[in-house]
Amino acid sequence: MVGVSSIYAGGGGGSTYSGGTAGSGGTGGGGAGSNGAISATAGSANTGGGGGGAGNDSAGVTAGAGGSGIVIIQYTINPSSQTTGIISFTSSTVWVCPAGVTSVDYLVVAGGGGGGKEIGGGGGAGGFRTGTNLPVTAGTSYTVKVGAGGSGGTSTTGSNGGSSVFSLITSAGGGGGGSGSAGIDGGSGGGGGSGAFAGGNGNTPAATSDGGNSAPANPQQGRNGGTSPGGASGGSGGGGSNASTGTGSNSSTSPNYTGGNGGAGTASTISGTSVTYAGGGGGGGANASAAGTGGAGGGGNGATGFSATTGTAGTANTGGGGGGGSGYSGNGGAGGSGIVIIKTNY
């Protein structure tokens, strides 16, 4: 066996009646025999050593018990046969790379932006970045930061979400939805508020995604929010992360105050199942007109109606944008918090 050398299964020493020399136990846990009225020594536990013989049959003089046995096995782990470990972080921490891990696949999703107040634009989704085989070093500590969702607007635009970080990979928080104003730039841009207001720009600051883990190749972390065309328009949808359908929908004046839908998010299988992240929030509406629906990937629905109604919050740990608030002073919904997932490779 590999490791420290140990000796097992020594025999027990013989006894002498009196005056002679008792036998010592054999190397490997054997107990010593006794001389006269002295009890013999037991064999050592977990060695299989024999017990020593008793010197006589006087009261209280005992022979040594045998030592218990032991079983040891050795096996070899083939690194190429080890399964990868999947770790999901929903709060900020420090991760220490275990021995044997040489790289990680990663998904880093930032917090979604909050929806705007009163026929507000939907919040933009948090930035979505994913990739494979990022080199790591055993024993090294790596920063993990999970961005919070932005606050929904209670007097004006929603707030941007917080950025998420793993090592040197940073995803930007989603932009807040506008409220009688343009949407804010972010990982995905917030939707423009009611009136003639543009959506915020996505992928701000600029960053690329490596597109690993069966997710579609995604050259940037998020898309633009929708634009409100002016007049009696609703709030536009916040941008999502999807490369082809992530741009937030424009709001409409037909009928008046119709909200735009949030942009779609992007699916990832890094967790072992397909989950969609980083959908934009729906824009707010008013009166009998429809509000925008949140984009797939945790985007919150916009609110509408004849009274103040708060937009739906983005889903936690998806980076979804919050929905825009309804007319009559409805508040925007909060953005969903982000998430960081890594898969270790040996």
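A cis amide bond, omega -5 degrees, links threonine 204 with the succeeding residue proline 205. Here proline 205 lies in the loop between strand S8 (196-197) and strand S9 (228-229). In this model, serine 254 is joined to proline 255 through a cis peptide bond whose omega is -5 degrees. Topologically, proline 255 is positioned in the loop between S9 and strand S10 (266-268). We note that serine 167 has phi near 55 degrees; this positive angle belongs to a residue other than glycine.

Summarising the model, the protein shows a mean pLDDT of 88, and 81% of its residues fall at 70 or more. When pLDDT is averaged over each helix and strand of the protein, the minimum, 93, is found for strand S4 (residues 128-135) and the maximum, 98, for strand S11 (residues 275-277). Below a pLDDT of 50 lies the segment residues 75-83, which in the model reaches four contacts outside its immediate sequence neighbourhood of four places, other chains included.

This paragraph deals with the sheet that holds strand S3 (residues 103-109). Strand order across the open sheet formed by four strands is S1-S12-S3-S4, with antiparallel pairing between neighbours. Each having just a single partner strand, strand S1 (86-89) and S4 make up the two edges of the open sheet. In this sheet, adjacent strand axes meet at a mean angle of 15 degrees when their direction is disregarded. Summarising the sheet, S3 and strand S12 (residues 339-345) pair through seven bridges and their orientation is antiparallel. Bridge pairing in S12 links leucine 107 to isoleucine 341.

On to the pairing of S12. Of all the seven residues making up S12, seven are buried; the element is thus mostly covered by neighbouring parts of the structure. The alternating pattern of S12 places Ile339, Ile341, Lys343 and Asn345 on one face and Val340, Ile342 and Thr344 on the opposite face, and all of these are buried. Bridging between S1 and S12 involves four bridges; their strand directions are antiparallel. Bridging from a neighbouring strand, phenylalanine 89 pairs with valine 340 of S12.

Let us now look at the packing of aromatic side chains. Considering all chains together, one arrives at three aromatic pairs under this definition. With a centroid separation of 6.1 Å and an interplanar angle of 50 degrees, the aromatic rings of tryptophan 95 and phenylalanine 166 are classed as tilted. Remark: phenylalanine 166 occurs in strand S6 (residues 164-166) and tryptophan 95 occurs in strand S2 (residues 93-96); sequence separation between them is 71 residues. Tryptophan 95 gets classed as buried once you look at its relative accessible area, which sits at 7%. Between tyrosine 142 and phenylalanine 166 the ring centres are 6.1 Å apart and the planes differ by 25 degrees, which places this aromatic pair in the stacked class. Here tyrosine 142 is found in strand S5 (residues 141-145), whereas its partner phenylalanine 166 is found in strand S6, with 24 residues between them in sequence. Note on tyrosine 142: relative accessible area 11%, which makes it buried. For phenylalanine 166, a relative accessible area of 0% puts it in the buried group. An aromatic cluster is built from Trp95, Tyr142 and Phe166, whose rings are joined through pairwise contacts.

Calculation rules
- Residues numbered from 1 in each chain as written.
- Predicted model: local features only at pLDDT ≥ 70, side-chain atom pairs only at ≥ 80, totals over all residues.
- Heavy atoms only, no water.
- Helix = DSSP H or I, 4+ residues; strand = E, 2+ residues; numbered from the N terminus.
- pLDDT = per-residue confidence, 0-100.
- Contact = heavy atoms within 4.5 Å.
- Pairing = 2+ DSSP bridges.
- Axes fitted to C-alpha atoms, helices over the stretch in contact; angles between N-to-C directions.
- Buried < 20%, exposed > 50% of the residue type's maximum accessible area, 1.4 Å probe, protein only.
- Phe/Tyr/Trp six-rings, centres within 6.5 Å; stacked < 30°, edge-to-face > 60°.

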